[in-house]
Amino acid sequence: MSVCLIIQHNITTEQRELQMRLCFKLQSSLSSSSLVADMAMSMRFLYPSPSSFHHHRFSPHTIAISNAAASSSSSSPQVAAVIPTPPPSRVGFLGLGIMGTPMALNLINSGVDVTVWNRTKSKCEPLINLGAKYKSSPEEVAASCDVTFAMLADPQSAADVAFGKQGAANGMGPGKGYVDVSTVDGETSKLINGHIKSTGALFLEAPVSGSKKPAEDGQLIFLTAGDKDLYETVSPFLDIMGKSKFYLGDVGNGAAMKLVVNMIMGSMMASFSEGLLLSEKVGLDPKVLVEVVSQGAINAPMYSTKGPSMIQSLYPTAFPLKHQQKDLRLALGLAESVSQPTPIAAAANELYKVAKSHGLSDQDFSAVIESLKSKFQKSENQ
Ligand SMILES: NC(=O)C1=CN([C@@H]2O[C@H](COP(=O)(O)OP(=O)(O)OC[C@H]3O[C@@H](n4cnc5c(N)ncnc54)[C@H](OP(=O)(O)O)[C@@H]3O)[C@@H](O)[C@H]2O)C=CC1
Ligand SMILES: O=CCCC(=O)O
């Protein structure tokens, strides 16, 4: 026997409730069909009770599912059920900076029901104009949403927003989930995990690789760890915002992976900066250096994207230098915690600190090249 589930969305709430019951009936009568069971389970998460259906904007579509256990006995469907497309959960988004804004925007543009909050309220306006709801605290966002994402600057702000006064934890509870996509250290992530889990909610850390443009293009790479159930539940949202996702196990592993990646990136940028300046000093055209690098084994998109503007001493901000230095500081802490020598990263970190001390914190991290120019070197040596 095979089973056909027809998924539809232009129906009344009463029809949806009927279909939902039918789906669960199917599940119990076809316990050998794991596909049907999986589907019913995921619907159960989205619809804790039949009356909790809410309006959504997903496109209607039809799926035919074969009952693998018994499909050999008949090729035509014997049971047909019409059930609704699972609507998007109500999704909260906290932190609308360089990364948070395009990530939330992609969710909104995909038809997800998004509620936003940002410390500086004016940054919410463009998203509200595009259909986002607004709440005036992380607590209220978490209370009104099924899943809440947070994209904050650093460990302190991530912790404040998660479990400070009017923090998200106050609005969390069983059946909800909190996904922190900020770059923080593992200890902070574990602290947030503890506060969120104590409410009965689930937690996932999911820092991202990729910068402003990949965030705009929905091409981020998620480095997740924590509750696997929440990972499965939010995967459709991660797929809207990103091109790939890794599930890395226990909380702390996502943070560690992100810090290792950014430690490498920070050192690469510092080394590239030295190369650009040296090539110029010895009479080479740094533009040609960028071209040569782009064709060889050490090619990285970062060099050809940022090189041309670095040559003109321009640093339009995609990844703020202060965040790169934060990540190097956290990566060095991680390395120290396991007695791993990281002398290259330590040297790079010093350059970012110099750049910060010269007021370049909010410039792109490629502005680290400035710290190698003679004007900065002189003032450092005085
Ligand atoms: N930019 C990039 O290329 C990437 C950044 N990241 C990481 O993502 C995170 C966000 O980065 P990005 O968007 O670039 O950073 P931004 O500096 O643009 O945004 C930071 C966000 O954090 C908020 N914030 C800062 N301090 C506080 C606080 N004390 N309380 C509440 N909210 C606060 C800001 O609010 P307000 O608007 O009020 O200042 C803003 O929403 C960082 O952890 C960064 O390391 C990860 C991958 C790439
Ligand atoms: O954390 C920032 C990462 C930036 C990038 O991956 O390009």
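Definitions and cut-offs
- Residues numbered from 1 in each chain as written.
- Chains lettered and ligands numbered in written order.
- Predicted model: local features only at pLDDT ≥ 70, side-chain atom pairs only at ≥ 80, totals over all residues.
- Heavy atoms only, no water.
- UniProt positions renumbered as here; feature names shortened; annotations may be inferred.
- Helix = DSSP H or I, 4+ residues; strand = E, 2+ residues; numbered from the N terminus.
- Near = heavy atom within 4 Å.
- Polar contact = N/O pair within 3.5 Å; in protein donor to acceptor, adjacent residues only side chain to side chain.
- Contact = heavy atoms within 4.5 Å.
- Buried < 20%, exposed > 50% of the residue type's maximum accessible area, 1.4 Å probe, protein only.
- Arc of directions from axis to C-beta.
- Nonpolar A, V, L, I, M, F, W, Y, C, P; charged D, E, K, R; others polar.
- Axes fitted to C-alpha atoms, helices over the stretch in contact; angles between N-to-C directions.
- Parallel < 35°, antiparallel > 145°, perpendicular 65-115°, else oblique.
- Left-handed = near helix turned anticlockwise from the far one by under 90°.
- Pairing = 2+ DSSP bridges.

Looking up the protein in an unreviewed UniProt entry gives the name Glyoxylate/succinic semialdehyde reductase 2, chloroplastic, with the organism given as Crotalaria pallida. Quoted verbatim from the Sequence similarities (unreviewed entry) field of UniProt, the annotation for the protein is "Belongs to the HIBADH-related family. NP60 subfamily." Recorded in UniProt under Function (unreviewed entry), the annotation for the protein is "Catalyzes the NADPH-dependent reduction of glyoxylate to glycolate as well as succinic semialdehyde (SSA) to gamma-hydroxybutyrate in vitro. May function in redox homeostasis and play a role in oxidative stress tolerance by detoxifying glyoxylate and SSA generated in glycolate metabolism and GABA metabolism, respectively."

This part covers the UniProt feature "domain: 6-phosphogluconate dehydrogenase NADP-binding" (unreviewed entry) in the protein. UniProt feature "domain: 6-phosphogluconate dehydrogenase NADP-binding" (unreviewed entry): in the numbering of this structure it lies at residues 90–249. The annotated region residues 90–249 carries 39% helix and 24% strand content, and the separation between its end C-alpha atoms amounts to 26 Å.

Time to look at the UniProt feature "domain: 3-hydroxyisobutyrate dehydrogenase-like NAD-binding" (unreviewed entry) in the protein. According to UniProt, the positions carrying the feature "domain: 3-hydroxyisobutyrate dehydrogenase-like NAD-binding" (unreviewed entry) are residues 252–370. Within residues 252–370, the helical portion is 69% and the strand portion 0%, while the C-alpha atoms at the span's ends are 34 Å from each other.

What follows covers the site of ligand 1. Contacts to ligand 1 come from 26 residues, most closely from Asn118, Thr120, Lys123, Ser211 and Lys326. At a separation of 2.9 Å, an oxygen atom of ligand 1 approaches a polar backbone atom of Ile98. Contact distances for ligand 1 include 2.6 Å between an oxygen atom and a side-chain N or O atom of Lys123. Counting only elements with at least two residues in the shell around ligand 1, the list comes to α6 (155–163) and α13 (321–337).

Relative to the assigned elements, Leu107 resides in helix α3 (residues 100–109). Apart from residues no more than four positions distant in its own chain, Leu107 is found in contact with Val91, Phe93, Val112, Val114, Phe237, Ile240 and Met241.

For the rest of this paragraph, the subject is helix α11 (residues 286–295). All buried positions along α11 are accounted for by Pro286, Val290 and Val293. Within α11, the buried residues cover an arc of 65 degrees as seen down the axis, which keeps them to one side. Looking at α11, the residues exposed on the side facing more than 90 degrees away from the buried face are Lys287, Val292 and Gln295. In this fold, the buried residues of α11 make contact with α10 (253–281) and α12 (301–311). For α11, the N-terminal cap is Asp285; the gap from its side-chain oxygen to the backbone nitrogen of Lys287 is 2.8 Å.

Residues in close proximity to ligand 2 include Ser209, Gly210, Ser211, Lys258, Asn262, Met265 and Phe319, which together make up its full environment. A distance of 2.9 Å is found between an oxygen atom of ligand 2 and a backbone nitrogen or oxygen belonging to Gly210. In this structure, Asn262 approaches ligand 2 through a side-chain N or O atom, which is 2.7 Å from an oxygen atom. With three residues, α10 is the largest single contributor of residues to the shell around ligand 2. Considering only residue class, the shell around ligand 2 consists of two nonpolar, four polar and one charged.

A pair of packed helices is characterised by two quantities: the angle between their axes and the separation of those axes. The N-to-C vectors of α10 and helix α14 (residues 343–357) enclose an angle of 65 degrees; their axes lie 9 Å apart at closest approach. What the angle tells us is that α10 and α14 run roughly perpendicular. Crossing of α10 against α14: the hand is left-handed. Here α10 contributes Met263, Gly266, Ser267, Met269 and Ala270 to the contact with α14, which in turn contributes Ile344, Ala345, Ala348, Leu351 and Tyr352. Taken together, the residues of the contact of α10 with α14 break down into eight nonpolar, two polar and no charged.

All right, on to the pairing of strand β7 (residues 147–150) then. Where burial is concerned, the two faces of β7 agree: the one with Val147 and Phe149 and the one with Thr148 and Ala150 are both buried. As judged from the four bridges shared by strand β4 (residues 90–94) and β7, these two strands associate in the parallel manner. If you follow Phe93 over to β7, its bridge partner there is Phe149. Relative to strand β8 (residues 177–180), β7 runs parallel, the two sharing four bridges.

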